[in-house]
Amino acid sequence: MDPSSFSLEVRWVQGIKQKHVTFINPNTVCYPCGNFIVFTDIETKRQSVLQCPSGSIGAFAVNMCSEVVAFSDKKLPPNIYAFTFPGLVKRSELKGAAQLEYSLLAFSHSGHFLGSYSSVPDHLLTIWSWQEGIILCSVSDTRSNFTSLTFNPMDWHQLCLSSEESLTFWNIEVCDTVYHLTSTPVKLLNEDGIMAEEDGHMSAQPDGLLSYFGPQMPIPAIAGLVGDEAEGFIPKEQRKPIVKPNTHCWSSTSNLFVGCKGGQLLSVNPETQKITVLNLTEPSTTGESPRTALYEKNIKTMAVYKDGLYIGGNDGILWLCSTKGSEFKMKECWNAKEPIENISFSPDYKALSIATQKGSVYIYSYKQSGEPMQILSTCNDELTAADFLTSGNKYCLSVGRSGGVQLWSLQDGANISSLNLDVQATCMACCPSSHYAVIGSSNGHIFFVDAVKVKAPRIIARKRLYHVPVLHLYFDQKGKVLVTGAGDGHIFILDARPSSSFQVLGYTVVGGDILSLSLLSSVDSPQIKALALVCPKEEKGEEEEGTQLELFSLALKIFQSPNEYIDQRGMFKDSVIHKHQYKVEQPLFSAVLGSNGNSVFGYCSDSPCIYKFALPKETSGDKMKVLPVEKKVCGSQLGPGYLCLSPHHKWLSVSAGDGILYLQDSSNLENFAQASCHSHRTGGIGSMAFSLDGHTLITTGVGDGTAVCLTWRHPGNNFVNSAFEYGRTLSISLQDTIFMEDEALRKMSLWSPDAETLHAGKEEEDRLRVEMIEQDHSSQMLSADPTWLDHKFTEAIKEEEKKYSDQKKSLKNGIKELRQKIQAMMRENESLPDIEKLDQQEFNLDTEEQERLRAESEQEVERVRREIELENLSKQYLREVIKKECWDSMSIKGHSVMSFHTAHEVTNYPLKERAAKELEDIARVLNVKKMESVDLKIRKEIVEVPAKIGTEEEEEMEEETERSRDTTSLIGSLSDQHGGNTSNLYSQLELHSREEKINQIILLQDIIYNVKTSFNKEFEVVYRQKEQEVARVNERNQRILEIISELNIQEKLIEPKFTDNEKPERALTVDDSEIKVEKYLTPEQKTTVEQQAKQEEEKRLAAQEDNAKQRALNDMMGGVLEVKKEDILRMEVAQPSFFSKAETEWTEDEKKHFKDYDRKCKELNEEKEKYRKILEAEVKKIQASIMETTLAFDEILSRLFEKKVKCEMVIYQEELKISNLLFSILIEEEINIRAAQQNQIMDKKRKQKNQTSDLVKTFKAAVESFRESYDDLVAEDKLLDRGFKKEFSDVPAHHVDQLYKLYKKRPRVQRLRTQTESEVPFGDRPGSAKAYNDSIVQLMKAMDEFDATEHLPEGLDLPVWERFCLARRSKMEYEQQVKRKALVLAEMQEFLHKRIEEDERTRQDIEDIMQELNILRNEKMKFQLDLTVQFILKQGQVEVENADLIPSYTDAILLHRSVIEDLNSNIRGLGEQKIASMVESKDFRKGIFQLEWEHKKIQMEMEDLKMKSRDITMLRVTKEIQTFLNETNYDMRISNQMLVLEETINVQEKQHEKNVKQYRQAIKDLDKHINRKKETNTQLDMELQDTLISFSERKHIYDVVGVEPNSEKNARDRYMDIVQRRKLVDLVKAQAQEMTVLRTELDRLRMKTFPALVQMEY
């Protein structure tokens, strides 16, 4: 068998990647699809397919100018292929620029260069000369994973890479044959359109003074970052969301338009990297705000056009944007009603391809009105399956994962129609006997889709068979049976004929999950064999699991009376369907029956192997038989795979994860054909189907959304004809059936969910009734959409209920009577005595149910108990962790002491045990300090001059002076006074190095620890004292309670108790009184408690036995042998026995005896009173003693509290010094980090400087060499010009002159221009190598015209003319070479200039970094010398103005106290002298002032008397005075007048309120009127705007048309305007003068009315 004669070819491919749909020429669009590139003619819609030579397609690019398509594969390492169209000839194969895969490809506009970008791991941008297959230049950029790559159409030297995080421009610089890439990243804007501020370098302070916070450091240095992490670091709290570029395109001005995910539209200048946010200026025509349509939608794609910019995005609208400056206008062009993924212009810019999210492609032309033309409609979804409709030679059907059904033409792959099921589809099969398909869903439904009318498919039925997804659907060859399978092990058999309404015949159950199903039937076979591959449930967890085969057969007579072969629940009997089970040791993934039904083919799931098993002819016994392996062959490269048998049972197809379809001969399992259909990277082949005649095959891919239609390359051979003949025979036998069943399909109505809902509602009552009867099966009945099994179960229950209704009724009545009897017995039992009563348990008839309930309750209790125990265990663990960390680790536990009478509470300092490392550090620092002091002493003895010898007193004074220098003021704390030793501390004025600061911190921490320890010692003394006081108080209270009980009085006691803060260890133990719930006891504990209670009861009874001695003592002496003093109050005198008689009946002895009794009673009462007073005095004394001792303790505690406050102050002082030291260390580390960062940058810059210097040297030499060659070429060109006459010296002179003129003459090559206006927005672009070659060709064609003999001068010989033509051509070639080299030289010089500039910038950067490093060193030195010193000074010793809350010490000076005291003493002496002189002067002036005041007083009294006399003389007696003199009660008169005035005022106030209400109502009415006027004005403004627009248009027309006729009128109008303006100017001047006069008058009147506050002069 020759495999070449059985090769398969691709007929068509369906599927799409929307983001890669583009034109390749004006009439063809192309796009990648799985392993193929599909080319579609937009006019005829015909496809041509290009298959990738090595698997699936990665990146993709098209050059429309040269009609070349480039794509990369996904093998390792990947390659790039370039093919021409329409010949589909491979032009080149590019290798070696990526390790894993190419992400992006892009052609330059001229098509000479190709750019590629590979992502992880190399991130390499490469520029190719793809025609030569060489790499021109490449560079790695790991800053981002870019998603878009484009060349500038106006300049191929520029290209752009973009991603959601970054935007980068790249420039290709050329120096002869050397290409160099330089990048220019663009800093993106924030989402609010503001550029993020960059952190600048540290700047030195000009005055040389440093602030307390040290020099200003950049944020990376503060964060401690060095290296690449420091570059561009922004703290999280300062980060703002930036725009996310989603797409970009170039404009005709070489600017870049960028569309962002947030809807922002940007314009970027590649030269300056300036970003301009384009703002919308006016709304769109549809009424919707375009700002919302654009800015709130995601811009996915853009395309530049001559008249503007086309934009598409998630809103599904194609917008045309016209830009002007930083503004743009929008116009809605077309609404696709689904998100637009990609738009692309044709090469002539007359058509625009639009690819939508759902897989449709439209061609839009702005010049043509109406809807765009749809050229492609495919499902953008992962395809689940594909199959052929009946006869299999015209149409096929595919279904996507989301339920999209599409019908295709087998001839050209055209989409005929589509249908959406709106469910998740899982499988599909087409019926061979009728034009319909069955689709399984994830919710257990199967849909029946009618495809009789291929242009209008419809859903005709839906059945629910499962509660789980349907996984398998298979028809037999005659289309009579439909078999379904799912994961629950149920296999349903349906009548596949539409005339039977797809009746479910029954089901069978297999013992596990169904992996695959297979049916085998033939034209003349009376039965259908079925095979199910099952994974047993009990063996799933084993490592070496086998699988199980279950074989059964279906006889055709089942269709006549199916109820005879099933039980009441609809299940087929195993004996009827001849069900057999077999075991295979290999774990199979799929299996099919062989051609004769005696063998099974299986594909292994562990290895890519195919096994052939032979089925036994007879089976005996119940034991499952293991099938032996008959043959084993290799299936595919990657497993597992699916097996499928052709309709004529002679071909076996293998489709697996490698994406290759293998066809094998079912007799010998040899491969005779194979075809690569899908990629193994996406998952390979998902499904495969044969056509009935075997001429066509169709496959669907996993994950690529592609359907591939295959056909035989040479279909005329006998091997293929056998399948064709079988299919033809089967088609002929099914013709009548197809006709009848299609008629039945046409008669079936359209299925709708509403009709099914109504039908389900009718059955709801029956189902609820069944649920009440059968509670055990209620879970199956709860579904609102029951399965077929649920319906069968309901029907079975109904039949059982109907059949056994009488028995059930009698049983119910019997149970009812029994219940009544038992209840009567229980009521009778309640009335019986206890000894005769029966236990309640005795009446329980259903003990089993009770035991079951009790067991369930015990299980639930046990479960809850375990949960509680686990929860308690976790809490105990947490408690232990907290206790270990916060209590056990403390050497001194934290607790407090409360006062007795106040709210004072003093706590100690909890301290942990000091670690060994901490003690070692302290010892090390102390040793260092000792060595430093010894070293300093020795240096003083060696270097310094010996001090003068003096007396001992002078030495002591000097020592005291030295000590005073290091007093608390200089030390900065009072720790010496509270247990801290400051003698080992460094001086605050000498802490310069980092080591000294760290040592000082360790010593300060030790001082804090000592201060806390010292306070804790005092605290413990006070705490023990309180314990003693509490014990004493409790003892005294005990005595007070005894006295109170004797005296029978009420007294308030002082009962001190320790709180939880004083006794924190009590929190670690739990008392029984704290538990409010009943304690749970186990049975063992209950037994122990009962035994203890029994023993205690026995002891109590034994103690209550008769004791004669105790009873006699109680009777005779009151239970005591001796009467104590404390018992006086309880003593009573015995009453005589004659008290029962009347007093008149007493005898004399009895009366004497009564007197004695009376005397004894008085004496006893006197004794009791004395004793009571003694006890009361004792109580008062004890209470006073308690109060005294507790108050004394409170005083001690208050002193301890003051001590605690001072200790806190000392600790805070030391902690403040530690904080300052830590801060200084931190600032020093920041400076060091900044210096390290700058040094690292310096190293990079130096390396870069070396590289740039080498480049400059290399390219200088290259430029000089090229210039020399250029000069040589120019010299040769000049030599040709000079040697012209010498070369033609044999020609006459007048001919030489004519030839020389012709020698200098050059043809003019004009570019071809179209007569109509070009639609291409980019216009003329700089020429590339191809354009240069084209111009040379045109020049040579023009030279051919010049060389024609018609230009031959008269009298010149033809040989001379030919020699002249050769010389002129040689001269032309030299001139072109000179021009070409001149351009190359200029390009090289520009390249060299850029390298020199780059080298200079690098040098300048190095100098700037060196300068900054020097500044850092200086500032670090200043900061180390500018120390922060802490002093303790009294309030009067700080003489700094306190402007804010904290004084500023920036310009303060620290002086010694003696200097201030001397100055104060001098000031005080001079002040006393001045005061004495001032007092003397004051006394003298005081006498003068007294005399002057007396003189003035006498004069004023005299003037006052004169005024009084004059007033009395001139006094006029008015009517009011007369009334006052005549009226007896003048006050009453005045009060009456006041009452009248008050009533008048009240009336006026009421009237005023009424007027205010009226005015407010009027104001409201006016406001309403104003609002109405505003609305009217707004409407008038809008009308006025329209009127002004129309007026301006008419005026413009009028001005254009009637300018000349109306010149005189215009002059007259202009004259009148001038006159009117003159009058208005005069009027304004007059009014201005009048205003000046009025303002002057107003100022005069104001000065006259108000007093002038000016200073008076005396």
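Here's what I pulled together on the structure shown here. If you're wondering where the values come from, they're calculated on a predicted model, not measured in any experiment.

A few words now on the overall build of the protein chain. Across its full length, the protein chain holds 25 helices and 62 strands. Looking at the protein chain as a whole, 37% of its 1658 residues qualify as buried. Sequence separation of 24 or more characterises 56% of the internal contacts of the protein chain that already satisfy a separation of 6 or more. Accessible surface, the protein chain: about 101000 Å² in total, of which carbon and sulfur atoms supply 53%.

Together, Lys1557, Arg1560, Lys1564, Lys1568, Arg1572 and Lys1573 make up a region of like positive charge exposed at the surface. The residue Arg1560 is located in helix α24 (residues 1530–1601) in this model. Judged by relative accessible area, which is 56%, Arg1560 ranks as exposed.

The geometry of helix α11 (residues 916–943) relative to helix α14 (residues 994–1047) is characterised by a closest axis approach of 10 Å and an angle of 120° between their N-to-C directions. Between α11 and α14 lies a crossing whose hand is left-handed. Residues Asp921, Ile922, Arg924, Val925, Leu926 and Val928 of α11 touch α14, and the partners they reach there are Asn999, Ile1002, Leu1003 and Asp1006. Among the residues making up the contact of α11 with α14, the classes are represented as six nonpolar, one polar and three charged.

Right, let's get into helix α8 (residues 788–803). Taking 1.5 Å per residue as the helical rise, α8 with its 16 residues ought to reach 22 Å, and the 22 Å between its terminal C-alpha atoms agrees with that figure. When α8 is considered as a whole, its buried residues turn out to be Trp788, Asp790, Lys792, Phe793, Thr794, Ala796 and Ile797.

In this structure the tally under the stated criterion is 57 salt bridges. Lys261 serves as the salt-bridge partner of Glu164, at 2.4 Å between the closest nitrogen and oxygen. Remark: Lys261 occurs in the loop between β19 (256–260) and β20 (265–268) and Glu164 occurs in the loop between β15 (155–162) and β16 (167–175); sequence separation between them is 97 residues. Assessed through its relative accessible area of 27%, Glu164 is described here as partly exposed. Between Lys1203 and Glu1018 there is a salt bridge, with the nearest N and O atoms lying 3.7 Å from each other. A residue pair is termed long-range when its members are at least 10 positions apart, and Lys1203 in helix α17 (residues 1148–1282) and Glu1018 in helix α14 qualify at 185 residues. Given the relative accessible area of 34%, Glu1018 is considered partly exposed. What emerges from the salt-bridge pattern is a single network uniting Glu173, Glu1390, Lys1394, Arg1395 and Glu1398.

In this structure the tally under the stated criterion is six cavities of 30 Å³ or more. Reported here for the largest cavity is a volume of approximately 230 Å³. Lining the largest cavity are 16 residues; nearest its centre among them are Asn1220, Leu1221, Ser1224, Leu1427 and Thr1428. Of all the secondary-structure elements, those providing two or more residues to the lining of the largest cavity are α14 and α17. Each residue belonging to the lining of the largest cavity can be placed in one class, and the counts come to seven nonpolar, six polar and three charged.

Looking now at the environment of Lys1026. Among the structural elements, Lys1026 can be located in helix α14. Considered as a pair, Lys1026 and Phe1193 are 167 residues apart in the sequence and their alpha carbons are 7.3 Å apart. If sequence neighbours within four positions are ignored, Lys1026 has contacts with Val897, Met898, Phe900, Phe1058, Glu1062 and Phe1193. A polar contact is formed between the side chain of Lys1026 and the side chain of Glu1062, at a distance of 2.4 Å.

Helix packing for two helices is described by the angle between their axes and how far apart those axes are. The contact between α17 and helix α21 (residues 1358–1425) brings their axes to 6 Å, and the two run at 160°. Considered as vectors, α17 and α21 are oriented roughly antiparallel to each other. Crossing of α17 over α21 shows left-handed handedness.

With 13 residues, helix α4 (residues 735–747) should reach 18 Å at 1.5 Å per residue; the first-to-last C-alpha distance of 19 Å fits that figure. Considered for burial, the residues of α4 that qualify are Ile738, Glu741, Asp742, Ala744 and Leu745. Angularly, the buried residues of α4 cover 155° about the axis, an arc narrow enough to put them on a single face. When the buried face of α4 is taken as reference, the exposed residues oriented beyond 90 degrees from it are Asp736, Phe739, Met740 and Lys747. Its buried side turned inward, α4 meets β36 (436–441), β37 (445–450) and β38 (458–464).

Another point: the pairing of strand β13 (residues 134–140). With six bridges joining them, strand β12 (residues 124–129) and β13 adopt antiparallel strand pairing. Along β13, the bridge assignment pairs Leu125 with Val139.

On to the sheet that holds strand β26 (residues 327–335), then. Taken in spatial order, the five strands of this open sheet run β22-β26-β25-β24-β23, and their pairing is mixed. Bordering the open sheet on either side are β22 (279–280) and β23 (299–305), each of which pairs with just one other strand. By the bridge criterion, eight bridges tie strand β25 (residues 317–324) to β26 in an arrangement that is antiparallel. Across the sheet, Ser322 pairs through a bridge with Lys329, a residue of β26.

Among the surface-exposed residues, Leu1515, Val1517, Ile1521, Phe1524 and Leu1525 lie close enough to one another that they form a single nonpolar patch of about 510 Å² accessible area. The residue Leu1515 is located in the loop between α22 (1457–1514) and α23 (1519–1526) in this model.

The biggest cluster of nonpolar side chains holds 35 residues, and the ones touching the most others in it are Leu663, Phe672, Leu697, Leu710 and Trp712. Counting residues in each nonpolar core, the second largest holds 33 residues, with Ile1008, Phe1019, Ile1211 and Leu1221 among its members.

Before going further, it helps to examine the sheet that holds strand β53 (residues 651–656). Overall, antiparallel pairing links the four strands, which are arranged β52-β53-β54-β55 in an open sheet. Single-partner strands in this sheet number two, and they are β52 (641–645) and β55 (671–676). Averaged over all pairs of adjacent strands, the angle between strand axes in this sheet comes to 20°, irrespective of strand direction. Strand direction decides the pairing type here: β52 and β53, joined by five bridges, are antiparallel. Opposite Gly641, over in β53, you have Ala656 as the bridge partner.

What counts and how
Residues numbered from 1 in each chain as written. Predicted model: local features only at pLDDT ≥ 70, side-chain atom pairs only at ≥ 80, totals over all residues. Heavy atoms only, no water. Helix = DSSP H or I, 4+ residues; strand = E, 2+ residues; numbered from the N terminus. Buried < 20%, exposed > 50% of the residue type's maximum accessible area, 1.4 Å probe, protein only. Contact = heavy atoms within 4.5 Å. Areas by Shrake-Rupley, 256 points an atom, 1.4 Å probe, with all protein chains shown as cover. Patch = residues over 30% accessible without salt bridge, like charges linked within 9 Å, V, L, I, M, F, W, Y side chains within 5 Å. Salt bridge = Lys/Arg side-chain N within 4 Å of Asp/Glu carboxyl O. Lys, Arg positive; Asp, Glu negative; His and termini not counted. Charge placed at Lys NZ, Arg CZ, Asp CG, Glu CD. Axes fitted to C-alpha atoms, helices over the stretch in contact; angles between N-to-C directions. Left-handed = near helix turned anticlockwise from the far one by under 90°. Nonpolar A, V, L, I, M, F, W, Y, C, P; charged D, E, K, R; others polar. Expected span 1.5 Å × (residues − 1). 1 Å grid on protein atoms, 1.4 Å probe; cavity = no way out; pocket = protein on both sides within 12 Å on 5 of 7 lines; lining within 4 Å. Points joined across faces, edges and corners; volume = space filled by probe spheres on them. Polar contact = N/O pair within 3.5 Å; in protein donor to acceptor, adjacent residues only side chain to side chain. Parallel < 35°, antiparallel > 145°, perpendicular 65-115°, else oblique. Arc of directions from axis to C-beta. Pairing = 2+ DSSP bridges. Core = buried A, V, L, I, M, F, W, Y, C linked by side-chain atoms within 4.5 Å.

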